[in-house]
2 protein chains.
Amino acid sequence: MGYQTPLLCILCSLYVSGNAESQKKCSKDPEDLAQDSAEKQHQLDSLNLLLFLSLLVLTILTIWLFKQHRFRYVHETGLAMLYGVIVGAIVYYSSSDKLNNHERSSRSSNSCDAQPASTLLLEVEYPDNSQVIYQYRQEGIAQNTPNATNTDFEEKVNFDPETFFNVLLPPIIFYAGYSLKRRHFFRNLGSIMMYAFLGTCISCFVVGGIMYVFVVKLIQIENFNIQDCFLFGAIISATDPVTVLAVFHDLHVDMDMYILVFGESVLNDAVAIVLSRTVTEFKDSSFTAGAFFSSLGVFFGVFIGSFAIGALLGCFTALISKFTKVREFPLLETALFFIMSYSSYLMAEAAQLTGIVSILFCGVTQAHYTYNNLSEESKRRTRELFELLNFLAENFIFSYMGISMFNKNNQQFNVLFVLSAFLAIILGRLCNIYPLSFLLNLGRKKKIGMNIQHMLMFSGLRGAIAFALAIRNTASESRQLMLNATLIIVLITVIFCGGLSTQMLAWLKIRVGVEDDDEQQGHHVDSGTIEHQLHRQRQKEKQAKIVALWYEFDFKYMKPIFTNKGADLRETLPACCLPVAHCLIKQDEMIVEDSDTDFILSEDDIAPTDSNQDTPSDTLPEDDAALDGDLGLGATKLQGIPPMPSQQTII
Amino acid sequence: MGYQTPLLCILCSLYVSGNAESQKKCSKDPEDLAQDSAEKQHQLDSLNLLLFLSLLVLTILTIWLFKQHRFRYVHETGLAMLYGVIVGAIVYYSSSDKLNNHERSSRSSNSCDAQPASTLLLEVEYPDNSQVIYQYRQEGIAQNTPNATNTDFEEKVNFDPETFFNVLLPPIIFYAGYSLKRRHFFRNLGSIMMYAFLGTCISCFVVGGIMYVFVVKLIQIENFNIQDCFLFGAIISATDPVTVLAVFHDLHVDMDMYILVFGESVLNDAVAIVLSRTVTEFKDSSFTAGAFFSSLGVFFGVFIGSFAIGALLGCFTALISKFTKVREFPLLETALFFIMSYSSYLMAEAAQLTGIVSILFCGVTQAHYTYNNLSEESKRRTRELFELLNFLAENFIFSYMGISMFNKNNQQFNVLFVLSAFLAIILGRLCNIYPLSFLLNLGRKKKIGMNIQHMLMFSGLRGAIAFALAIRNTASESRQLMLNATLIIVLITVIFCGGLSTQMLAWLKIRVGVEDDDEQQGHHVDSGTIEHQLHRQRQKEKQAKIVALWYEFDFKYMKPIFTNKGADLRETLPACCLPVAHCLIKQDEMIVEDSDTDFILSEDDIAPTDSNQDTPSDTLPEDDAALDGDLGLGATKLQGIPPMPSQQTII
């Protein structure tokens, strides 16, 4: 196993003389003293967590009030963040002695030498010649000179950034994948990919370039090099429009608009994470062609590797749930589903790929295949479980962001830097949306209107992922500037853009109160007229070749292998594979469905909008809403909004 | 805020010269090096967690197979532990160089001096005169001399013991409280309290005494003092009969038997935790009367304080859910419920009380009051959520225990110690069950039969709590002996007693296949004959005074304040409190019920077994089973077991 860290152990033999406190505790064993210290830390941790939980309770109660009074200008995430800012300010200003954010002795950026030990052992000799060796683990670079009062604030709101990546982000991202409206997603796949991949890269480069011009050339911040510029570009390019999507959902905006914003933001998180990694690993500060292509290789390698792990684990879960009867025990099934999904994250991380990308595609695969094999109870349980986890994690992160605003230990405020960053992200988004929309409109049947383009531009909120990327490493001054700018950008975009999105929809005259086109059509199919099915199939043929090919492949091979739906493998597989096909068909269940609904099934499943498909969005249309990215609160529709006729616009 | 840890900072100015690896990485910034180190640690963590998750997947699939084939001799927890042992052995023996469990330089137990710093700052000067200060946090006492290969195994299965207390135990304990069959529990309250409080103390003292005689006097293990003996007594007195209860549930044993075992084990965990704390805080090694009574004070103080916090938070949640309409949004309601429950744990910990006790009683209160106010959807969601969390946490802990068997870094094996421990726990349980049952039978109407006493004796398995208490502190040699003995005891009792419990029931001729008496009677009440209600009330009057008093108080004041059930506050409260009573009654809902079912309600609710009471076990008799302590798997009954007539015994 090739992951043994070289443990550089430095043995400091220190003869610690007793101070006042230790003299008082003299009747205690050293192990008791160690326990006391651990208990104190534990108490602190409990208080920290309690602070966040109280904030969450406050947020939940306020959201309830808002929902009750149909007040739609502040979303729960914005609220959580605002409360966080208030509490952070109180904690900060009530500290007995304020943090002096003094200048740190800066290191020149090209200084290099030994990496210090990750573990220190401290040998303490007691007067009776007994020895105890205490172990210390490196926590990172200390930002302050050793002054106990300085770390007071930090101790109050101390939270390990790795927790974001290992505990809080995975459920959010998984839920995004699991609740993806795949029909709409696949139909707009080309545009979404364009915005997400090309658009995020454009945004990254534009932001990086502007930051370089402003920060390095004009403002001349010390130690902020070109790599930092592009790292910031990557970090800040991750959009997170939960707030906007919640509004979209409540108002039932045009589905294509919805899926463009949702799809872009989901994929673009993945792209931004891989991009920021690529930039970090970019060794040379000179941009040679070779280095560029090697980075490109890393980018696609990491992305495809992570994608593969996620998809494979999803398919593996589908196979388990198909071929075992674990569905008879919903608790076991749900537990299995949960563990396998989380494993995809861990596996990618352990393979030094990107867990977030992996768990995103695992979520999509689970929804597309495994979901079909689950028992009815497990379908409900998994949906509700991830909905809750997503809700808790998201609000926790935004609370934490709010509180972090005042933590001066890992950030530095520079007004010019923040202003440059704002300019950069606006221009970056501009160069992303409008040129790409123009290009896309050349190829699209259904054009992306100017009002939708404006709305896409407006939906570029920053959120959890940008923050998580920024806080992951705050060891240098440049990183601390970035974290601070990221926090301010998140706060302002979430509150400003989030709050104004209802108005924005009205100003841009974007259709609201639209019934999901497909659902309407889906109901028609329910009535079973074959003309309709043929019509849909013809419609489908107008789609992009690649999407049509995928549908075909999915229907003929993937669906029947991983679920009990789709074509009959005995017909689609070549003759030589017949024994394999027989093994893959679950006799008892397949035959029942085949005998009865064979034709309908095959016709339907090619047309991806049919209600027989038994996907989350198909079998449970009324619950479909709950799955779709607005934290599920949309499932309980706001009362009192008059049912709007299709095509209505708010004026 | 009085929790500022004295941060003793030691500044070691070290000039670290580059080694081979650091020379290679010379082109990197120090912050990159720090990031590399963090990434390696992160990768290791991911691999560790992945190992446990794979074990869980394996366990789940095997359980499914066992359930499928109605193989009832191994419970999932036993299985998880067995798999853990196997994997632990593989990891241990496949390590390139085995751990040499060498003798540590032992310290005399009365050595005392300064507590070393909890944080070390290491200042590294780079050749260009730039300085970086790295921060190290104390992790405890290093058990090995600095030899990198020695920590290989530990790094593979490294897991912070605090995680048990903060993440894994709370859901298990909360679920126990939430799923408690309160009717049966209250009816047997006296006996359960006797076993749990007096019995656990007896067990602790007997085990401690026997360990003192054997280990200190006969075997004469160095540094194992009398305090350690009683600490071990407290640790090992926590019983955890999940396995037995699962069997009880599947076979539908006599409800009184079931609730005695369940109630005892739930409360006794709380008692053992507080006891072990009390023993640790017992300063003098001489047992004076004063010290004893001060310990008794600590014991009751901690217990009552923790109980109060849990109950208060439960009542507070009940009030929120009663007076807000948050129930219109089940997601918000479930999140609130979850957060409030977990807060009770954290609040007790932050107040230096015992979180586990607090969350247990919070669970009971939530089930008794809050559950009545929840929307139907939230009732289901909370039940399913905690069922899943309980399942995952429990199996994770048992897997971890299995793997820990081979971790020689924090335990020491001593065959005589383990044998003494076994003898001690058997005698301890003997002195607990039989004398107390004799005493109880003097007062009980329905005697506890000898066969039930034998079964109680047999159900004294050890599990998660004992392990968590033992692993919390392994700083001294004595503690390491205890951890090792605890692990072995858990493994053997879970597999042996758990596996044989079906046989045991048969040998002892204990009634199985019994329908829940109360459920039958409850159905009679459903038919609504008033005679029956009067009969039940008369039955109730035969109960112990204290229980009857509690019912009265609960019905008259608690239920109507915290829920919409129970008596009419306007009648039960004195006249001066009438305005308060009006505020506490939710007009819109109370009146509807009052106008219609006033008499029935008041009659019913006094009789604690009525189906109008709308508690978890009452409204959902078919789901009641799922709530009751066997990990909910019992909800899906084992197919193929013929319905047994009441009163049947297995012969």
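Residues numbered from 1 in each chain as written. Chains lettered and ligands numbered in written order. Predicted model: local features only at pLDDT ≥ 70, side-chain atom pairs only at ≥ 80, totals over all residues. Heavy atoms only, no water.

1. What to know about the overall build of chain A
At step 1: The helix and strand inventory of chain A stands at 26 helices and 3 strands.
At step 2: Expressed as a percentage of its 651 residues, the buried residues of chain A come to 62%.
At step 3: When contacts within chain A are restricted to residue pairs at least 6 apart in sequence, long-range pairs at least 24 apart make up 81% of them.
At step 4: Accessible surface, chain A as shown: approximately 24,500 Å² in total, 63% of it carbon and sulfur. (Helix = DSSP H or I, 4+ residues; strand = E, 2+ residues; numbered from the N terminus. Buried < 20%, exposed > 50% of the residue type's maximum accessible area, 1.4 Å probe, protein only. Contact = heavy atoms within 4.5 Å. Areas by Shrake-Rupley, 256 points an atom, 1.4 Å probe, with all protein chains shown as cover.)

2. Describing the pattern of salt bridges
At step 1: In total, this model carries 18 salt bridges over all chains according to the counting rule given.
At step 2: One salt bridge in this structure joins Arg 381 of chain A and Glu 387 of chain B, with 3.0 Å as the shortest N-O distance. Of this pair, Arg 381 of chain A sits in helix α14 (residues 376–404) while Glu 387 of chain B is found in helix α14 (residues 376–404), placing the two residues in two different chains. Each member of the pair, Arg 381 of chain A as well as Glu 387 of chain B, is classed as buried.
At step 3: Lys 556 of chain A is the partner of Glu 552 of chain A in a salt bridge, and the nearest nitrogen-oxygen pair spans 3.4 Å. Here Glu 552 of chain A pairs with Lys 556 of chain A, and both are found in helix α21 (residues 545–562), just 4 residues apart, close to one helical turn.
At step 4: For Lys 556 of chain A, a relative accessible area of 30% puts it in the partly exposed group.
At step 5: Taken together, the shared-partner salt bridges connect Glu 377, Arg 380, Arg 381, Glu 384 and Glu 387 of chain A together with Glu 377, Arg 380, Arg 381, Glu 384 and Glu 387 of chain B into one network. (Salt bridge = Lys/Arg side-chain N within 4 Å of Asp/Glu carboxyl O.)

3. Some remarks on a nonpolar patch on the surface
Residues and elements named next belong to chain A.
At step 1: Together, Phe 205, Phe 292, Phe 293, Leu 296, Phe 300 and Ile 304 give the surface a local cluster of nonpolar side chains, amounting to about 580 Å² of exposed area.
At step 2: The element best represented in the nonpolar patch is helix α11 (residues 289–323), accounting for 5 residues.
At step 3: Here Phe 205 is to be found in helix α7 (residues 189–219).
At step 4: You can call Phe 205 partly exposed: its relative accessible area is 43%. (Patch = residues over 30% accessible without salt bridge, like charges linked within 9 Å, V, L, I, M, F, W, Y side chains within 5 Å.)

4. As for the confidence of the model for chain A
Residue and element names in this part refer to chain A.
At step 1: Put simply, chain A has an average pLDDT of 71, and 68% of its residues get 70 or more.
At step 2: Segment residues 1–28 is flagged for pLDDT under 50; beyond a separation of four residues in sequence, or across chains, it makes 66 contacts in the model.
At step 3: Here residues 142–156 is modelled with pLDDT under 50, and outside its nearest four sequence neighbours on either side it reaches 45 contacts, counting other chains as well.
At step 4: Model confidence for the complex is summarised by a pTM of 0.75, with the ipTM given as 0.74. (pLDDT = per-residue confidence, 0-100.)

5. Side note on helix α8 (residues 226–236) of chain A
Residues and elements named next belong to chain A.
At step 1: Taking burial as the measure, the 11 residues of α8 include 9 buried ones, the bulk of the element.
At step 2: Listing the buried residues of α8 in full gives Asp 228, Cys 229, Phe 230, Leu 231, Phe 232, Gly 233, Ala 234, Ile 235 and Ile 236.
At step 3: Looking at the buried side of α8, the elements it contacts are α7, α10 (255–281), α15 (415–443), α17 (464–471) and α18 (477–507).
At step 4: One side-chain oxygen of the residue at the start of α8 lies 3.2 Å from the amide nitrogen of Gln 227, identifying that residue as Asn 225. (Polar contact = N/O pair within 3.5 Å; in protein donor to acceptor, adjacent residues only side chain to side chain.)

6. Quick notes on the packing of aromatic side chains
All names here are of chain A.
At step 1: Within the structure shown, the criterion is met by 50 aromatic pairs over all chains.
At step 2: When the centroid spacing of 5.4 Å and the interplanar angle of 45° are considered together, the rings of Tyr 369 and Phe 562 count as tilted. On the criterion of sequence distance, the pair formed by Tyr 369 in helix α13 (residues 355–373) and Phe 562 in helix α21 is long-range, its members being 193 residues apart.
At step 3: You can call Tyr 369 buried: its relative accessible area is 3%.
At step 4: According to the relative accessible area criterion, Phe 562 is buried, its value standing at 11%.
At step 5: Among the aromatic residues, those joined into a ring-pair cluster are Phe 174, Tyr 178, Phe 337, Phe 338, Tyr 371 and Phe 386. (Phe/Tyr/Trp six-rings, centres within 6.5 Å; stacked < 30°, edge-to-face > 60°.)

7. Looking at the side chain of Ser 321 of chain A
At step 1: Following the sequence through the fold, Ser 321 of chain A ends up in helix α11.
At step 2: Apart from residues lying up to four places away in sequence, Ser 321 of chain A is in contact with Arg 327, Thr 370 and Asn 373 of chain A.

8. So, the side chain of Arg 444 of chain B
Residue and element names in this part refer to chain B.
At step 1: Its location among the elements puts Arg 444 in the loop between α15 (415–443) and α16 (450–458).
At step 2: A polar atom in the side chain of Arg 444 sits 3.1 Å from the side chain of Asn 188.
At step 3: Among the polar contacts made by the side chain of Arg 444, one reaches the main-chain carbonyl oxygen of Lys 446 at a distance of 2.7 Å.
At step 4: Those residues in contact with Arg 444, other than ones at most four positions away along the chain, are Asn 188 and Ser 191.

9. Here we look at helix α17 (residues 464–471) of chain B
All names here are of chain B.
At step 1: With 8 of 8 residues buried, α17 is to be regarded as a mostly interior element.
At step 2: Turning to α17, its buried residues are Ala 464, Ile 465, Ala 466, Phe 467, Ala 468, Leu 469, Ala 470 and Ile 471.
At step 3: The secondary structure elements touched by the buried residues of α17 are α5 (161–178), α8 (226–236), α10 (255–281), α14 and α18 (477–507).

10. Digging into the packing of helix α5 (residues 161–178) of chain A against α13 of chain A
Residues and elements named next belong to chain A.
At step 1: Remark: α5 packs on α13, axes separated minimally by 7 Å, with the N-to-C direction vectors making an angle of 40°. Between α5 and α13, the angle falls in the class oblique. Regarding α5 and α13, the two cross each other, and that crossing is right-handed. The segment α5 lies against α13, with Leu 169, Pro 170, Ile 173, Phe 174, Gly 177 and Tyr 178 engaging Ile 356, Ile 359, Leu 360, Cys 362, Gly 363, Val 364, Gln 366, Ala 367 and Tyr 371.
At step 2: Of the residues in the contact of α5 with α13, the class split is 12 nonpolar, 3 polar and no charged. (Axes fitted to C-alpha atoms, helices over the stretch in contact; angles between N-to-C directions. Parallel < 35°, antiparallel > 145°, perpendicular 65-115°, else oblique. Left-handed = near helix turned anticlockwise from the far one by under 90°. Nonpolar A, V, L, I, M, F, W, Y, C, P; charged D, E, K, R; others polar.)

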